[in-house]
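Commentary on secondary and tertiary structure
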Amino acid sequence: MKPEQTLEEIPLAGLLEGVGAMRAKGGRMVQICATALPGQFELTYSFDFDGRLASLRVQLPASDPRVPSIASIYACAFLYENEMHDLFNIKVEGMALDFHGNLYNTTVKYAFGDTKAPAAKPQAAAVPSVA
Amino acid sequence: MSPWLRLIVYLVAAPVVGGVLSGWDRRVSARMQSRRGPPILQPFYDVLKLWQKQNLANHPSQNYYVLFFFLLVVFTGALFFAGSDLLLVIFALTTASIFFVLGAYKASSPYSFIGAERELIQIMAYEPMVLLTAIGMYMVTKTFYIGGIANHGGLLVLALPGVFLGFVFALEIKFRKSPFDLSSSHHAHQELVRGITTEFSGRTLALIEVAHWYETVFLLGWVYLFFASSPVLGVVMALGVYVFVVLVDNVFARLKWQAALGSAWAVTAVLGFGNIVVLSLQR
Amino acid sequence: MARTIIPFGPQHPVLPEPIHLDLVVEDEKVIEARPSIGFVHRGLEKLVEKKDFLDFVYVAERICGICSFIHGQTYCQAVEAIMDIPVPPRANYLRTVWGELSRIHSHLLWLGLMADGMGFESLFMHSWRVRERVLNIIEATTGGRVIFGSCKIGGVRRDMDAGAVRDTLSELEIIERDTREITKVFIHDNSVKKRLGGVGVLSRQEALDFGCVGPVLRASGVAQDMRKLGYAAYQDLPVEPVTRTDGDSYARCAVRCDEIFQSITLIRQALDKLPPGEIAVKVTGNPKGEVIMRTEQPRGEVVYCVKANGARNLQRFRVRTPTFANLPAMLKLLQGCDLADVPVLVLTIDPCISCTER
């Protein structure tokens, strides 16, 4: 069963405006998901409207990714934003509470920041490895 | 029995009785919680084990305070069982508690610091009731000497029912049982880890444990005083009070210090003070 | 007393989970709580790039040690949604049964921890004694106790025969009776009310602003429960969210107490209607596409973002656990509270830190 949900691609410049509109409609902040894709980052901001899920998506370049913080609209976003910074090395500008890279103390810095999975890998790579 | 003999019996037997009572407390509590519980002798095994452990302390001097605490508790009990002055006993006991608190302050850890503060609040909570108990006993028997109180003909509890109940309430605080286990809970599952005793280890902790056994016996001895004219009833009631304390421990959540202090003083004012007023009016 | 910093965790007897709070206290008032997490970050989300998507169910189940089954279920549902796999109705019903059993044991575990946090030891022991019976049912029906790996993409691994259904139902009777006794204490005992009532009040608006989920949100009067989305068997078994309006720790406790009984009812209904047929379908091909799947964990809404590009391993797997969403609210509640209330306030959101660390 596919759950009912919408996904809207918006330009980075329109992010704050888009999130602000979600807030104005009474959306509950559900999550921010960052995905490392070849050559770019994809951020998904999801909001809940009493069971209906609406998401906004922006694309960032892989080199020097920067995104404005939505802390002024949703104060509780600080954990997601710190997570984006600590795991993906995405610079979030103007966070409400900045852990300066100390939310996750991972051995490998920015461990999720690059992806070795290029588009559509060949079947052979599917063998599960323990490493 | 001569006072000296009583004293020697106390010094030797109290830790044994106190330890068995403590083991029995754990067993009964376990049964109230549908658990099997440890063997009755578990407290002795615990103390022996602690005795063999390495002694770790933030400041070595914190252990001397505990040593004095231990000696003063034993001394308090000795005064009591030798039939000395009840007021002296009370102040010796308070001094002992203060040494314990000082030891916790000396340990300089935030947990034992706040535990020590709470212990002071607890002393403040039960002390008025303990004093009123002594005064009440004096009003009935016309003596502060425990020997004299014990040989008083009638059952003290008949004249001092309010004081007796108030004293049982104070015991609940003194034994650090739930709902009054704020300064140091038995199971270290509180915000202060184990509060006042957090920073003590090894032999020092064993000493604290043994001091509590002495204290238990001495406080139950005081309960006995209320029924001294009928020794069998006295022993039964002393054990009964102990069971009651264990039962209360198992049916309450821990109170906050504001509520603990408030309720203790309310009980003191109504039961203790009320009883004394009635006594003085009867004269 | 001057300002002191009281460390709470990462190893603390009240909450044996790796969260660290620096509690800045003045006397016994907490002025500020500074959190740090990240002590056990495992990088399970990254592991998806190395594991076959069929095997990854095991990893998803190991995200949490308490609500394990629903993690596995959510992952399976997400992949099934991408691949358009029709899950047999019997599998959906069995998933519901095991999911609700997980909810009961998680709530009983929480009730015990809460009792212990406020120094009510006997209540703690009794709650966990009842929880043991739930684990026994799970063990009898799946072979595992907490992480029982009975969910797979396309259905479930194990079936329940008529005998197992009968035994489960009769054991549920006992669980319900014992739980009634325990929850009576949580709801009516005076010393419990004193410790929980009015502590950590979160208004309806605040709860929504902080993005709270699950019992925390429902105790503030918002009737949101992801089971209403109708995944698994919930389209046939209506779920009315349990709500309270006070928004304090007592209300959150009451919501969880009521949810145990709601879950018992749901299990009875599900076992009653258990449809015959297959318990799994064969999965062929690789997933391609993406979906955001939400289900209701005992602790609240869990969000799985799954993105696949047609390879054997997924491209992105992201879990937003309920605790992650409730942490900001907890930090807010801790400001200005009494030191003695800290265990209550930390436990009130039912934190699962290893869930959050993934």
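Conventions used here
- Residues numbered from 1 in each chain as written.
- Chains lettered and ligands numbered in written order.
- Predicted model: local features only at pLDDT ≥ 70, side-chain atom pairs only at ≥ 80, totals over all residues.
- Heavy atoms only, no water.
- Helix = DSSP H or I, 4+ residues; strand = E, 2+ residues; numbered from the N terminus.
- Buried < 20%, exposed > 50% of the residue type's maximum accessible area, 1.4 Å probe, protein only.
- Contact = heavy atoms within 4.5 Å.
- Areas by Shrake-Rupley, 256 points an atom, 1.4 Å probe, with all protein chains shown as cover.
- Disulfide = S-S within 2.5 Å.
- Buried area = accessible area lost by both parts, 1.4 Å probe.
- Salt bridge = Lys/Arg side-chain N within 4 Å of Asp/Glu carboxyl O.
- Polar contact = N/O pair within 3.5 Å; in protein donor to acceptor, adjacent residues only side chain to side chain.
- Phe/Tyr/Trp six-rings, centres within 6.5 Å; stacked < 30°, edge-to-face > 60°.
- Lys NZ or Arg CZ within 6 Å of the ring centre and 35° of its normal.
- Nonpolar A, V, L, I, M, F, W, Y, C, P; charged D, E, K, R; others polar.
- Expected span 1.5 Å × (residues − 1).
- Bend = angle between axes of the 7 residues up to and from the residue.
- Pairing = 2+ DSSP bridges.
- Axes fitted to C-alpha atoms, helices over the stretch in contact; angles between N-to-C directions.
- Patch = residues over 30% accessible without salt bridge, like charges linked within 9 Å, V, L, I, M, F, W, Y side chains within 5 Å.
- pLDDT = per-residue confidence, 0-100.

1. Thoughts on the overall build of chain A
The helix and strand tally for chain A stands at two helices and six strands. Out of the 131 residues belonging to chain A, those deemed buried represent 50%. In chain A, once contacts between residues fewer than 6 apart in sequence are set aside, the share between residues at least 24 apart is 54%. About 6000 Å² of surface is accessible on chain A, with carbon and sulfur atoms providing 57% of the total.

2. Looking at the state of the cysteines
Within this structure, the stated rule accounts for zero disulfides over all chains. For Cys 33 of chain A, which is in no disulfide, the shortest distance to another cysteine sulfur is to Cys 305 of chain C and amounts to 4.2 Å. Judged by its relative accessible area of 2%, Cys 33 of chain A falls in the buried class. What makes Cys 305 of chain C buried here is its relative accessible area of 7%.

3. Remarks on the interface of chain B and chain C
Taken together, the 28 residues of chain B in the interface contact 31 residues of chain C. Together chain B and chain C conceal approximately 2500 Å² of surface at their shared face, both sides included; 57% is due to carbon and sulfur atoms. Of all residues in chain B, His 189, Glu 191 and Lys 256 of chain B give up the largest surface area on contact with chain C, accounting jointly for 24% of the area buried on that side. Remark: the boundary between chain B and chain C carries four salt bridges. The partner of Arg 35 of chain B in a salt bridge is Glu 121 of chain C, and the shortest N-O contact between them spans 4.0 Å. The interface formed by chain B and chain C includes 12 residue pairs in polar contact (both at pLDDT 80 or more). In terms of residue count, helix 5 (residues 110-141) of chain B provides more of the side of chain B that touches chain C than any other element does, six residues in total.

4. Let's talk about the environment of Val 283 of chain C
Residues and elements named next belong to chain C. Counting through the fold element by element, Val 283 comes out in the loop between helix 10 (249-273) and strand 6 (288-297). Residue classification places Val 283 among the buried residues on the basis of a relative accessible area of 18%. For the pair Val 283 and Gly 155, spaced 128 residues apart in the sequence, the C-alpha separation amounts to 9.7 Å. When near neighbours in sequence (up to four residues on either side) are disregarded, Val 283 contacts Leu 54, Met 83, Ile 85, Ile 153 and Gly 154.

5. Side note on the pattern of salt bridges
Summed over all chains, the structure comprises 47 salt bridges over all chains. One salt bridge connects Glu 290 of chain C with Arg 57 of chain A, and the closest N-O pair in it is separated by 2.7 Å. Of this pair, Glu 290 of chain C sits in strand 6 while Arg 57 of chain A sits in strand 4 (residues 52-61), which puts the two residues in different chains. The buried category is assigned to Arg 57 of chain A, whose relative accessible area is 4%. Between Glu 28 of chain C and Arg 118 of chain B there is a salt bridge; the shortest N-O distance is 2.7 Å. With Glu 28 of chain C in the loop between strand 2 (20-26) and strand 3 (29-36) and Arg 118 of chain B in helix 5, the pair connects residues from two separate chains. Overall, the relative accessible area of 9% leaves Glu 28 of chain C in the buried class. On the basis of relative accessibility, which here comes to 2%, the residue Arg 118 of chain B falls in the buried class. Connected through shared salt-bridge partners, Glu 100, Arg 103, Arg 218, Asp 225, Arg 227, Glu 259 and Glu 296 of chain C make up one network.

6. Thoughts on the packing of aromatic side chains
Counted by the stated rule, this structure contains 31 aromatic pairs over all chains. Aromatic side chains Phe 169 of chain B and Phe 180 of chain B sit 5.3 Å apart centroid to centroid with 65° between the ring planes, which places their arrangement in the edge-to-face category. Of this pair, Phe 169 of chain B sits in helix 8 (residues 161-174) while Phe 180 of chain B sits in the loop between helix 8 and helix 9 (202-225); the two residues are 11 residues apart in sequence, bridging distant segments of the chain. Among the residues examined, Phe 169 of chain B registers a relative accessible area of 23% and is labelled partly exposed. A relative accessible area of 3% places Phe 180 of chain B in the buried class. The rings of Tyr 10, Phe 70, Phe 80, Phe 81, Phe 164, Phe 167, Tyr 214, Phe 218, Trp 222, Phe 226 and Phe 227 of chain B are connected pair by pair, giving a single aromatic cluster. Sitting above the plane of the Trp 128 of chain C ring, Arg 131 of chain C keeps its charged end 5.7 Å from the centroid.

7. A word on the interface of chain A and chain C
Across the contact, 54 residues belong to chain A and 54 residues belong to chain C. Both faces combined, the contact of chain A with chain C buries some 4200 Å², and carbon together with sulfur accounts for 54% of it. At the boundary of chain A with chain C, the tally comes to six salt bridges. Between Arg 23 of chain A and Asp 209 of chain C there is a salt bridge; the shortest N-O distance is 3.1 Å. Viewed at the interface, chain C and chain A are joined by 14 residue pairs in polar contact (both at pLDDT 80 or more). Residue classes in the side of chain A that touches chain C are distributed as 29 nonpolar, 13 polar and 12 charged.

8. A closer look at helix 11 (residues 322-334) of chain C
Residues and elements named next belong to chain C. Across its 13 residues, helix 11 extends 18 Å between first and last C-alpha, which sits within 8% of the 18 Å expected from 1.5 Å per residue. Pro 328 marks where helix 11 bends most, by close to 30°. Of all the 13 residues making up helix 11, 12 are buried; the element is thus mostly covered by neighbouring parts of the structure. Within helix 11 the residues assigned to the buried category are Pro 322, Thr 323, Phe 324, Ala 325, Asn 326, Leu 327, Pro 328, Ala 329, Met 330, Leu 331, Leu 333 and Leu 334. Once helix 11 finishes, Gly 336 follows within two positions and takes phi at roughly 80°, a positive value.

9. Section: the sheet that holds strand 8 (residues 316-320) of chain C
Residue and element names in this part refer to chain C. The strand order across the open sheet formed by three strands is 6-7-8, and the pairing between neighbours is antiparallel. Each of the sheet's edge strands pairs with one partner strand only, and the pair in question is strand 6 and strand 8. Adjacent strand axes in the sheet meet at a mean angle of 10° when their direction is disregarded. In this structure, strand 6 lies alongside strand 7 (residues 300-309), joined through 10 bridges in antiparallel fashion. Across the sheet, the residue bridging to Glu 290 is Lys 307, located in strand 7.

10. Overview of a nonpolar patch on the surface
Residue and element names in this part refer to chain B. On the surface, a cluster of nonpolar side chains totalling about 410 Å² of accessible area is made up of Val 16, Val 17, Val 20, Leu 41 and Tyr 45. Looking at the nonpolar patch, the element that brings in the most residues is helix 1 (residues 3-32), giving three residues. With respect to the helices and strands, Val 20 occurs in helix 1. For Val 20, a relative accessible area of 34% puts it in the partly exposed group.

11. Section: unusual backbone geometry
The phi dihedral of Ser 34 of chain B is positive, around 60°, even though this residue is not glycine. Along the chain, the position of Ser 34 of chain B falls in the loop between helix 1 and helix 2 (42-52). One non-glycine residue, Ala 232 of chain C, lies in the positive phi region at around 45°. Topologically, Ala 232 of chain C is positioned in the loop between helix 9 (214-219) and helix 10.

12. Examining the environment of Ser 106 of chain C
Residue and element names in this part refer to chain C. As for its placement among the helices and strands, Ser 106 is situated in helix 4 (residues 89-117). The class of Ser 106 is buried, set by a relative accessible area of 0%. Sequence separation between Ser 106 and Thr 356 is 250 residues, and the spatial gap between their C-alpha atoms is 16 Å. Other than its neighbours up to four places away in sequence, Ser 106 contacts Ile 66, Pro 298, Arg 299 and Asp 350.

13. Things to note about the confidence of the model for chain B
Residue and element names in this part refer to chain B. Confidence in the prediction for chain B averages 88 pLDDT; 99% of positions are at 70 or higher. When the elements of chain B are averaged for pLDDT, helix 7 (residues 156-159) gives the smallest value, 85, and helix 2 the largest, 93. Across the assembled chains, the prediction reports ipTM 0.83 with pTM 0.88.

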